[in-house]
Amino acid sequence: MLLDILIPPAWAQAGAEGPSMLPMIFTMVLIFAVMYFMVIRPQSKRNKEHRALVAGLAEGDEVVATGGMAGRVAALADQFVTLEIAKNVQVKVQRHSVSAVLPKGTLKSI
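Bear in mind that the values here come from a model prediction, so they are computed numbers and not experimental data.

J.: Any chance you could explain the pairing of strand 4 (residues 89–94) here in plain terms?
T.: Each regular strand shows side chains that alternate between the opposite faces of the sheet. The pairing of strand 3 (residues 80–86) with strand 4 spans six bridges and is classified as antiparallel. Bridging across to strand 4, Phe80 finds its partner in Gln94. Hairpin connection from strand 3 to strand 4: two residues lie between these consecutive antiparallel strands, with Asn88 at a positive phi of about 60 degrees.

J.: Looking at this model, I keep getting lost on helix 2 (residues 22–55). Mind explaining?
T.: For an α-helix, the turn length of 3.6 residues means that residues three or four places apart are oriented alike. Taking 1.5 Å per residue, 34 residues should reach 50 Å; helix 2 reaches 47 Å between its end C-alpha atoms and fits that length. Its maximal kink placed at Tyr36, helix 2 deviates by approximately 45 degrees.

J.: Could you clarify how one ought to interpret the nonpolar core in this entry?
T.: Soluble globular proteins tend to pack their nonpolar side chains together in the buried interior. With seven residues, the main nonpolar core is built from Leu57, Val63, Val73, Val81, Leu83, Val93 and Val98. Among all residues touching Val63, those that are not within four sequence positions of it are Leu57, Met69, Ala70, Gly71, Val73, Leu83, Val98, Ala100, Val101 and Leu102.

J.: Can you help me understand the environment of Pro103 in this one?
T.: Positionally, Pro103 belongs in the loop between strand 5 (98–102) and helix 3 (106–109). Judged by relative accessible area, which is 58%, Pro103 ranks as exposed. C-alpha separation for the pair Pro103 and Asp61, spaced 42 residues apart in sequence, amounts to 8.3 Å.

J.: Would you explain the side chain of Glu62 in this entry?
T.: Along the chain, Glu62 falls in strand 1 (residues 62–65). Under the relative-accessibility criterion, Glu62 is labelled buried at 3%. Within the structure, Glu62 has its side chain in polar contact with the backbone nitrogen of Gly105 (distance 3.2 Å). Only 3.0 Å separates the side chain of Glu62 from the backbone nitrogen of Thr106, close enough to count as a polar contact. With sequence-adjacent residues up to four places away left out, Glu62 is seen in contact with Gly71, Arg72, Ala100, Val101, Leu102, Pro103, Lys104, Gly105, Thr106 and Leu107.

J.: In this structure, what is going on with the side chain of Thr82? I would like to understand it.
T.: Along the chain, the position of Thr82 falls in strand 3. Taking relative accessible area as the criterion, Thr82 reaches 11% and is therefore assigned buried. Once you skip the residues sitting within four places of it in the chain, Thr82 turns out to touch Arg72, Val73, Ala74, Ala75, Gln90, Val91 and Lys92.

J.: Sorry if this is basic, but what is going on with the sheet that holds strand 4 here?
T.: Strands in a sheet are paired, the pairing made by backbone hydrogen bonds, and the direction either parallel or antiparallel. Within the open sheet, the five strands sit side by side as 4-3-2-1-5. Their pairing is antiparallel. Among the strands making up the open sheet, the edge pair consists of strand 4 and strand 5. When the angles between neighbouring strand axes are averaged without regard to direction, this sheet yields 45 degrees.

The rules behind these values
Residues numbered from 1 in each chain as written. Predicted model: local features only at pLDDT ≥ 70, side-chain atom pairs only at ≥ 80, totals over all residues. Heavy atoms only, no water. Pairing = 2+ DSSP bridges. Helix = DSSP H or I, 4+ residues; strand = E, 2+ residues; numbered from the N terminus. Expected span 1.5 Å × (residues − 1). Bend = angle between axes of the 7 residues up to and from the residue. Core = buried A, V, L, I, M, F, W, Y, C linked by side-chain atoms within 4.5 Å. Buried < 20%, exposed > 50% of the residue type's maximum accessible area, 1.4 Å probe, protein only. Contact = heavy atoms within 4.5 Å. Polar contact = N/O pair within 3.5 Å; in protein donor to acceptor, adjacent residues only side chain to side chain. Axes fitted to C-alpha atoms, helices over the stretch in contact; angles between N-to-C directions.

See the structure below:
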């Protein structure tokens, strides 16, 4: 039965009527809709949230970089963020590598 949607059965009938394209078009639209709602839309939502997170960084925020390095934002530039990971130890990372902003005081408890 499922194959009848994908591959129309061949009937031995006299007539010039061609196979209907409607089931194939319906299937393609259905596949695109599933891909949109399960892959494209969630990914674009995550990208939008990450851009907002990176744009909202401020000095003094406690953050975690993509590699797992946690630190406090000491300085901001256009493309780079300077993280203070220990007293008098600062590291520069790219802005887009900041993956999360931690609640205040989290670094003291680590």
